[in-house]
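Chain and residue survey
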Amino acid sequence: MKLSGAAKASYGLGAVGKDMVYMLSASYVLYYFQDILGVSAAAMGVILMVARVFDAFNDPIMGAVVAKTKTRWGKFRPWLLIGTVTNAIILYLMFSAPPALDASGMVAYAAVTYILWGVTYTMMDIPYWSMIPAFTEGGKEREGLTTLARSCAGVGSAVITIITVKSVSALGHMFGGTGISDREVERIGFSYFAIAIAILFVLFTIICCINVKEKSTVDMKTATVGEMFKALISNDQAMAVVVAIVIVNCSIYITSNLVIYFFKYDFGGAGWRDDYTLFSTFGGGIQILAMMLLYPFLRKFFTSIKIYFISMGMAICGYISLLVLASTSMTNVLLLFIPGFFIFGANGMLAVITTVFLANTVDYGDLKNNRRDESVIFSMQTFVVKLASGVSAFIAALALQVLALSNDTEASATAIDYSLGVDTAQKMGLRMTMTLIPIAGLVFAIFWFKKKYILTDEKLQEISVELVQRKTKDM
């Protein structure tokens, strides 16, 4: 039987919920603990990096646990539900830190809750994506569902990017009363916002579990960390792509970690939240359009490798224009749409291109090593993205520590201009961290990729022909 519309919609709804939760944590946990609660930026950097690296190594372990699970409800849905409920609870606790804790207590609280959040998120994320073969027939149905889920995940991320800052402020004022500091407003607002998102997360997953039925028991292939590193060592093209992914993602994530600080402390103004929301909405839209429209359009005229270099050039131009515009006295957020278009557009295309490049290395590895490592190679993509996320968070937090940017103003609950309390050197340091470090990373990734990656369209065609010939001889 073909998959029903209700099952497809329910599975997509599950993706919306889980990526709402992921984006809330990925984009705002540093800001919440460092800027609102006053935790040392250096301490947060270490916590975020260690937790993300640990989480990357935890993925294969969770995959093995799920693969061995057998229940009357299947092997995937029990873990999906357990992981969702526990992650929702941890999410609320993470954004509801007791304000009475001292400095060391707050660091410990941040470390414990964030690590637990990562573990419980992996507990539901691995079975969510791994269960697709258990309720689809394969072919176009499976491919279509995967595309739908990825699109819905993008919607979930975009929703959080757009509504978080304004919603936190509104909820803080609603439940915090009058006469409290702006910091207290945000602290209270994040707590209520987190519980609202946590409830939606659980609700969406329950709907997913009810309407998506596992049709059969499937063998789930999981890759160990050792297998991933073995595949890297034996496949030089996979190594070339993985290093490029880590460098590119590190560069882009540094900026995404710091952009809220830029709007609050540099661009400033009493309406910084409105400007941040407008910019984020524009950027998210451009990124999605670049993935869905710009890349397919350019692919008609250029090879994927050329589009990769075009994207890298776009990103570098975007960072240069951002640095130039930020260094002027301009106050119109619409001008920031210029660098935003280039940076977010490049990011969207690079997300597609790097996945294509990684897929190409599978055929190359098959020809070179006489072994196809699809599951290992694609498990590696999640691993390196999490690794890049941890490293970039550490770099961003270290910059905040050096620049001494922190919300230490005990002002009233009315909107204030935080940029007035930040000197020129701090602002310039923030701008340079957001732009020059990513530019350096992207330039390195360009030269690395140009030197190491050899899988042109012509080379891939040759490999395809050789694989067919080898298969024919073996028959």
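All values reported here derive from a predicted model rather than from experimental measurement.

A word on the overall build of the protein chain
A tally of regular secondary structure across the protein chain gives 15 helices and zero strands. For 475 residues, the compact-globule formula gives about 23 Å, and the C-alpha radius of gyration of the protein chain, at 23 Å, lands near that figure. Across its three principal directions, the C-alpha atoms of the protein chain cover 80 × 50 × 40 Å. Out of the 475 residues belonging to the protein chain, those deemed buried represent 53%. Taking the intrachain contacts of the protein chain between residues at least 6 apart in sequence as the baseline, contacts between residues at least 24 apart amount to 84%. Entry remark: accessible area of the protein chain is about 20,600 Å², with carbon and sulfur atoms responsible for 68%. Where the 37 positive side-chain charges of the protein chain centre and where its 32 negative ones centre are 8 Å apart.

Topic: the pattern of salt bridges
Between side chains of opposite charge, a pair can form when the charged atoms approach closely. Under the criterion given, the structure shown has twelve salt bridges. Between Lys166 and Asp274 there is a salt bridge; the shortest N-O distance is 2.5 Å. In this pair, Lys166 is assigned in helix α6 (residues 139-176) and Asp274 in helix α10 (residues 272-299), connecting sequence segments 108 residues apart. Given a relative accessible area of 37%, Lys166 falls into the partly exposed group. If you follow the salt bridges from partner to partner, you end up with Asp35, Asp182, Glu186, Lys264 and Arg273 in one network.

Some remarks on the packing of aromatic side chains
Across all of its chains, the model carries 32 aromatic pairs by this definition. A ring pair is formed by Tyr31 and Phe190, whose centres lie 6.4 Å apart and whose planes are at 55 degrees; its orientation type is tilted. Of the two residues, Tyr31 is situated in helix α1 (residues 5-36) and Phe190 in helix α7 (residues 182-211); the sequence distance between them amounts to 159 residues. Side by side, Tyr31 and Phe190 carry an identical accessibility label, which is buried. Ring-pair connections join several aromatic residues into one group, and the members of that group are Tyr28, Tyr31, Tyr32, Phe33, Phe95, Phe190, Tyr261, Tyr265 and Tyr418.

So, a nonpolar patch on the surface
On the surface, a nonpolar cluster with roughly 1,000 Å² of combined accessible area is contributed by Leu81, Val85, Ile89, Tyr92, Leu93, Met174, Phe175, Tyr192, Ile195, Ile199, Ile206 and Ile210. Sorting the residues of the nonpolar patch by element identifies α3 (77-94), α6 and α7 as the ones contributing at least two each. Mapped onto the fold, Ile210 is located in helix α7. For Ile210, a relative accessible area of 49% corresponds to the partly exposed category.

Here we look at the state of the cysteines
The full count for this structure, using the stated rule, is zero disulfides. Cys152 forms no disulfide, and the closest cysteine sulfur to it belongs to Cys208, at a distance of 11 Å.

Brief notes about the packing of α3 against α7
Axis separation between α3 and α7 bottoms out at 8 Å; the angle between their running directions is 175 degrees. Classified by the angle their axes make, α3 and α7 are roughly antiparallel. Contacts from Arg77, Leu80, Leu81, Thr84, Val85, Asn87, Ala88, Leu91 and Tyr92 in α3 reach Ser191, Ala194, Ile195, Ile197, Ala198, Phe201, Val202, Thr205, Ile206, Cys208 and Cys209 in α7. Residues of the contact of α3 with α7, tallied by class, amount to 15 nonpolar, four polar and one charged.

Side note on the confidence of the model for the protein chain
Taken residue by residue, the protein chain gives an average pLDDT of 85. The fraction at 70 or more is 90%. Under a pLDDT of 50 for its full length, residues 409-415 has, in the predicted model, 18 contacts with residues more than four places off or in other chains.

A few points about the environment of Asp19
Here Asp19 lies in helix α1. Using a relative accessible area of 13% as the deciding quantity, one classes Asp19 as buried. With 106 residues separating them in the primary sequence, Asp19 and Asp125 have C-alpha atoms 9.6 Å apart. Setting aside residues no more than four positions away along its own chain, Asp19 makes contact with Tyr121, Ala153, Gly156 and Ser157. Here Lys18 takes part through its side chain, which lies 3.1 Å from a polar atom of the side chain of Asp19. A polar side-chain atom of Asp19 sits 3.4 Å from a polar atom in the side chain of Ser157.

Some remarks on α1
An ideal rise of 1.5 Å per residue puts 46 Å on 32 residues; α1 measures up with 44 Å between its terminal C-alpha atoms. A large share of α1 lies buried, amounting to 24 of its 32 residues. Taken from the residues just after α1, Gly38 is the one with a positive phi, measuring 80 degrees.

What about the packing of α10 against helix α12 (residues 337-369)?
Interaxial distance between α10 and α12 falls to 7 Å at its minimum, and their mutual angle equals 45 degrees. Taken together, the axes of α10 and α12 lie oblique to each other. In the packing of α10 onto α12, the handedness of the crossing is right-handed. Along its contact with α10, which presents Leu278, Phe279, Phe282, Gly283, Ile286, Gln287, Ala290, Met291, Leu294, Tyr295 and Leu298, the element α12 presents Phe337, Gly340, Phe341, Phe344, Gly345, Asn347, Gly348, Met349, Val352, Ile353 and Val356. Classifying every residue of the contact of α10 with α12 by side-chain character gives 16 nonpolar, six polar and no charged.

Description of the environment of Leu442
When you line up the elements, Leu442 lands in helix α14 (residues 424-452). Between the C-alpha atoms of Leu442 and Met23, which are 419 residues apart in sequence, the distance is 24 Å. Residues contacting Leu442, with those up to four places away along its chain left out, are Val248, Ser251, Met312, Ala315, Ile316 and Tyr319.

Rules of the game
Residues numbered from 1 in each chain as written. Predicted model: local features only at pLDDT ≥ 70, side-chain atom pairs only at ≥ 80, totals over all residues. Heavy atoms only, no water. Helix = DSSP H or I, 4+ residues; strand = E, 2+ residues; numbered from the N terminus. Rg over C-alpha atoms; globule rule 2.2 N^0.38 Å. Buried < 20%, exposed > 50% of the residue type's maximum accessible area, 1.4 Å probe, protein only. Contact = heavy atoms within 4.5 Å. Areas by Shrake-Rupley, 256 points an atom, 1.4 Å probe, with all protein chains shown as cover. Lys, Arg positive; Asp, Glu negative; His and termini not counted. Charge placed at Lys NZ, Arg CZ, Asp CG, Glu CD. Salt bridge = Lys/Arg side-chain N within 4 Å of Asp/Glu carboxyl O. Phe/Tyr/Trp six-rings, centres within 6.5 Å; stacked < 30°, edge-to-face > 60°. Patch = residues over 30% accessible without salt bridge, like charges linked within 9 Å, V, L, I, M, F, W, Y side chains within 5 Å. Disulfide = S-S within 2.5 Å. Axes fitted to C-alpha atoms, helices over the stretch in contact; angles between N-to-C directions. Parallel < 35°, antiparallel > 145°, perpendicular 65-115°, else oblique. Nonpolar A, V, L, I, M, F, W, Y, C, P; charged D, E, K, R; others polar. pLDDT = per-residue confidence, 0-100. Polar contact = N/O pair within 3.5 Å; in protein donor to acceptor, adjacent residues only side chain to side chain. Expected span 1.5 Å × (residues − 1). Left-handed = near helix turned anticlockwise from the far one by under 90°.

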